[in-house]
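# Fold and contact review
Now for the letters of each chain:
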Amino acid sequence: MAHEEVLAHYIDAFQARGIRLDPFQIEACEALNHGRDVLVSAPTGAGKTVVAHYAVELALATSTRCIYTAPIKALSNQKFHELTARLGQAIVGLLTGDTTINRDAQILIVTTEVLRNILFQDADYMADVGYVVLDEIHYLADKDRGPVWEEVILSLPEHVRLVSLSATIANTHELVSWLESVRGATSLIESTTRPVPLEQYVAVGKKIIPLYGSDGRASKALRAALRQHAQAQPREERRMSDGARRRLIFELDSRTMLPAIHFIFSRKGCDLAAQALLRANVTLTSPHEQRLIRAQIATLRDSLSESDRRAVHLESAAASLIRGFGVHHAGILPALKTLTENLMEQGLLRIVYATGTLALGIDMPVRTVVLEDLRRFNGQGFVDLTATEYTQLIGRAGRRGKDSVGNAVVVAQSELDPDALAELGSGRVEPLLSAFHTSYNTVVNLLAEHTQAEARGLLSRSFAQFQKNADIGQIAGRAERIRRRIEKEEKALTCSHGDIVGYVRTRAALGRASKAARRAAKREYRERIADSFADAVTGHLYAYARDDDVDYAVALSVEPERIRVLTWLGELVWLREKNLRSELRDLGTIELPTGLSFKHRSTRATVADRIIDAVEERSDLGLDRDLLGSWSRFAVPASEELNHHPCAACPHLDAHLRKAETLLSLDARLSELDELTRSFTDSVGRDFDKTVQVLLTLGILQRDGATVRLGLGAHTLRHLHVESDLLLYQCLAALPNDALDPAEMAGWASMFLEDDRLGSHIPRDETLGPLAWNAKDEAEFLQQIEHEAGIERTGEPTPGCAEVFTNWARGATLESCLKSSRMEAGDFLSGVRRLADLLGQIAATGDYWFAQAARRGRDAIRHSELL
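In this text, all values refer to a predicted model and were calculated from it rather than measured experimentally.

### Overview of the overall build of the protein chain
For the protein chain, the helix and strand inventory stands at 34 helices and 24 strands. Its C-alpha atoms give the protein chain a radius of gyration of 31 Å, near enough to 29 Å, the size a compact globule of 867 residues would have. Residues classed as buried in the protein chain amount to 51% of the 867 residues present. For the protein chain, the accessible area works out to roughly 39,400 Å², and carbon and sulfur atoms hold 49% of it.

### Describing unusual backbone geometry
For residues besides glycine, phi is generally negative; the peptide bonds are generally trans as well. Cis geometry is found at the peptide bond from Leu258 to Pro259, where omega equals 10°. Structurally, the position occupied by Pro259 is in the loop between helix 9 (242-254) and strand 11 (260-263). Unlike most non-glycine residues, Asp738 shows phi in positive territory, near 55°. Tracing the chain through its elements places Asp738 in the loop between helix 28 (725-734) and helix 29 (742-749). Owing to a relative accessible area of 60%, Asp738 belongs among the exposed residues under this scheme.

### Digging into the side chain of Thr845
Positionally, Thr845 belongs in the loop between helix 33 (825-843) and helix 34 (849-861). Thr845 sits in the buried class, given a relative accessible area of 1%. Excluding residues within four positions of it along the chain, Thr845 makes contact with His715, Thr716, His719, Leu720, Phe850 and Ala851.

### Re the nonpolar core
Formed by 188 residues in total, the largest nonpolar core has its most connected members in Met126, Leu371, Met745, Trp748, Leu814 and Phe828. Sorting elements by how many residues they give to this core places helix 33 first, with 10 residues. Not counting residues up to four positions away in its chain, the partners in contact with Leu814 are Asp308, Ala311, Val312, Trp808, Ala825, Phe828, Leu829 and Leu866. Formed by 36 residues, the second largest nonpolar core is a distinct cluster that contains Val38, Ile107, Ile109 and Ile189.

### Here's the deal with the confidence of the model for the protein chain
When pLDDT is averaged across the protein chain, the result is 90; 98% of the residues are at 70 or more. The weakest mean pLDDT in the protein chain belongs to strand 15 (residues 375-377) at 78; the strongest belongs to helix 29 at 97.

### With respect to the side chain of Arg161
The residue Arg161 is located in strand 7 (residues 161-166) in this model. Overall, Arg161 belongs to the buried group, its relative accessible area being 15%. At 3.3 Å, the side chain of Arg161 forms a polar contact with the backbone oxygen of Gly35. Ignoring sequence-local partners within four residues, the contact set of Arg161 consists of Leu32, Gly35, Arg36, Asp37, Gly130, Tyr131, Val132 and Arg183.

### Here's the deal with the packing of helix 3 (residues 49-61) against helix 4 (residues 73-87)
Contact geometry for helix 3 and helix 4: axes closest at 13 Å, N-to-C directions at 50°. Considered as vectors, helix 3 and helix 4 are oriented oblique to each other. Crossing of helix 3 against helix 4: the hand is right-handed. Note on element contacts: helix 4 touches helix 3 through Lys79, Glu82, Leu83, Arg86 and Leu87, opposite Thr49, His53, Val56, Glu57 and Leu60. Considered class by class, the residues forming the contact of helix 3 with helix 4 number 4 nonpolar, 2 polar and 4 charged.

### What about the packing of aromatic side chains?
The final tally for this structure, using the stated rule, is 12 aromatic pairs. Note on Phe805 and Phe828: the rings are 5.3 Å apart at their centroids and 10° apart in plane angle, and the pair reads as stacked. With a gap of 23 residues between them, Phe805 in helix 31 (residues 802-809) and Phe828 in helix 33 connect regions that are remote in the sequence. Its relative accessible area of 1% is what places Phe805 among the buried residues. Residue classification places Phe828 among the buried residues on the basis of a relative accessible area of 0%.

### Regarding the pairing of strand 5 (residues 107-111)
Taken across its 5 residues, strand 5 has 5 buried, putting it largely inside the fold. Covered by surrounding structure in strand 5 are Ile107, Ile109 and Thr111 together with Leu108 and Val110, the residues of both alternating faces. Of the pairings in the sheet, the one linking strand 2 (residues 65-70) to strand 5 comprises 5 bridges and is parallel in character. For Cys66, the partnering residue across the bridge sits in strand 5 and is Ile107. Here 4 bridges tie strand 3 (residues 92-95) to strand 5, and the two strands are oriented parallel to one another. Bridge pairing links Leu94 to Ile109 in strand 5.

### Quick word on helix 17 (residues 440-449)
Across the 10 residues that make up helix 17, a large majority, 8, are buried. Taken together, the buried positions of helix 17 are Tyr440, Asn441, Thr442, Val443, Val444, Asn445, Leu446 and Leu447.

### Observations concerning the environment of Arg400
With respect to the helices, strands and loops of the structure, Arg400 is situated in the loop between helix 15 (387-394) and strand 17 (406-411). When residues no more than four places from it in sequence are discounted, the contact partners of Arg400 are Arg20, Asp22, Gln25, Gly45, Ala46, Gly47, Pro195 and Val196.

### Details of the sheet that holds strand 10 (residues 207-210)
The mixed open sheet is built from 7 strands, whose spatial order is 10-9-17-14-11-13-12. Two strands in the sheet have a free side with no partner beyond their single neighbour: strand 10 and strand 12 (325-328). On average, each strand axis in the sheet is inclined to that of its neighbour by 25°, with strand direction left out of account. Examined bridge by bridge, strand 14 (residues 368-371) and strand 17 share 4 bridges and lie parallel to one another. Directly across from Leu371, in strand 17, lies its bridge partner Val410. Contacts from helix 15 reach strand 9 (198-204), strand 11, strand 14 and strand 17, with the element oriented near 140° to strand 14.

### A few points about the state of the cysteines
In this structure the tally under the stated criterion is 0 disulfides. The closest cysteine sulfur to the non-disulfide-bonded Cys495 is located on Cys650, 3.6 Å from its own sulfur.

Cut-off values and rules
- Residues numbered from 1 in each chain as written.
- Predicted model: local features only at pLDDT ≥ 70, side-chain atom pairs only at ≥ 80, totals over all residues.
- Heavy atoms only, no water.
- Helix = DSSP H or I, 4+ residues; strand = E, 2+ residues; numbered from the N terminus.
- Rg over C-alpha atoms; globule rule 2.2 N^0.38 Å.
- Buried < 20%, exposed > 50% of the residue type's maximum accessible area, 1.4 Å probe, protein only.
- Areas by Shrake-Rupley, 256 points an atom, 1.4 Å probe, with all protein chains shown as cover.
- Contact = heavy atoms within 4.5 Å.
- Core = buried A, V, L, I, M, F, W, Y, C linked by side-chain atoms within 4.5 Å.
- pLDDT = per-residue confidence, 0-100.
- Polar contact = N/O pair within 3.5 Å; in protein donor to acceptor, adjacent residues only side chain to side chain.
- Axes fitted to C-alpha atoms, helices over the stretch in contact; angles between N-to-C directions.
- Parallel < 35°, antiparallel > 145°, perpendicular 65-115°, else oblique.
- Left-handed = near helix turned anticlockwise from the far one by under 90°.
- Nonpolar A, V, L, I, M, F, W, Y, C, P; charged D, E, K, R; others polar.
- Phe/Tyr/Trp six-rings, centres within 6.5 Å; stacked < 30°, edge-to-face > 60°.
- Pairing = 2+ DSSP bridges.
- Disulfide = S-S within 2.5 Å.

Below, the structure is given as structure tokens:
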């Protein structure tokens, strides 16, 4: 069947269901018909999957195969069940590292890591693959997993057509330019239109108020409500009260804005929110709906032992679900999360309290999304949501074919800035930045099939190097502008006694002065700061260092102890001398409006724009970044060369030195840019060279004249594609023969999952304890070698739960393992799945004793139906 006929039938099938495909979907399908790769960028819920499924149809129509990737196993499983229901079990397969179903199926669903390993170790498998779908390609910005996406793109055979799906990003043209450079003809298909319009609101007290006014800015009603709210509750806690959550549910219900996902970004917060609704006996479901929910809970209950039910707090979760609300986060039992997703999809739940797990692409759209906070936990601390994260979260609101409009509701905190929120909700997104780096596993796999030069060249085509090359061009342009400005400053700096330019540069290069000279310089510079503060004049524009950056601000009022300024960011700030790191550098005057109050945002914005216009060139060239330097730069060591320089006798030397500060600042900026250019040039290639050097030092690679070949251990390392790949290899190689039985092998291998939740304490077990100490010593040894090579790769082992996983492999109950590990069910079982994947990698290394132990250990930890 011709491709045009396939597309016609595909479109007709949708029309038969009352669905009219959008122009961007048809355009992308037509590009595939013409043999082009496609990059589809569109908002969440816009229908990018239609294009991916068309690649599946083309594979079926042309008797080729299609590999469909998903970023996480949950999404792979979801897509597998979806396509199996549509195409049949014989057509669809699943390969996720810990699960293999119908590996040679015509349509194969995999995680991105699995596809990468196929490309590196079984390239012949791709011979009859016609299409590959890379879902969520924006994951290549993920610091941990992003490199895998780039390795897949760089390694795909030319005959394979690539369908890349992305959320809305700012630099799609840059991304598609890179794809064309490594893959050939690629069509960029973009859509910014949401299929379901989105309305944004702010919940202030008991009111739900539109975020935007008719002028596209934060509404006047919202500003007034926030002022009133702040006055009524000036010391409001960050956490939303239980009563406020109940009132919000009832208000959403009265506005027919349910069902909703309520993002709290804290597991404990989600659990407590549901428990509070239970205590208040809140019920959101009808008797008929409760019967349907009970039936599905009963199915899950029957699949669990009594011990497992206690371990996962099933009855508490069931009580919530029956009443129409649930919880969704990574600590929940996977089967319970799936039940929650299914009940929401069936329309039986009204609200789900969730952390960020639902933002990862799980298909659970709702009518309304509630954000309780604009900060999220990133594993180390709480950080502000980026514009891209905010856009993706609220993108779940509005169900195509069910809702005429979607709703996003932000719960107002006391410090909420309505203008900042309006900017966040404007649809602005950040550019996609590559997180690519070279792993040891990647190097040995590439060198197994390529020469060192070929492997280096392949990695140098990465998106990371593509972006750095673009940056180099921008840096070169800025450096040239600085050089021109330096020439101008050199001509303006004159002294009747001699070469003052040479004098100041010699003086700046002399190095560290004596302690006495530094003390004097510090005292003099504090006096200089004090003088500049005392001389401040209303209407003058100043540059100054505060904290770790240079600020520009105009003085609005000057008092003896403080100065009221408006910064170039439009912020009103009181400056005090003690808070300054530098002098106030006078840059002239700024025209201030008369008769207008700076309490008004529009007035502040107008003056801030004038400041930006005045300092844009200075800021771009870094003319004032010398203000960030230490006062010690003014301390000059004793020098015969300076003492005998003609300019040393000039009576105006101090004035010359003040005037030369701009020149020296420019010199420093130019030196920084030159160093940045050197670091960006061939950075990925040099990173590859350093990684090779570490492997040569360890003997895993061998140098044979001018070439590099694989050493004896490289074959084993090729199969270990975890973050701690080299550490795991070294520790495997050091294991005494038959040192571990299968259960102990499972516990030992868990040390290399590099999951902080597992803990770093040493096991008490007489077998695992010494091996954990060995792993820590080996990590320290590798880190030292890497430091000498100029790279950072190896992290710390995490042996804290090695005994728990050993006991699990020996048949321990989930309840006992959770008690011992102090982990939640979802986290522990996720660890078991990742451990099964890792043991599978070890098992694939060959006929070694540890490979056989790993194979049996993997079978042992799969004993539970909970997996």
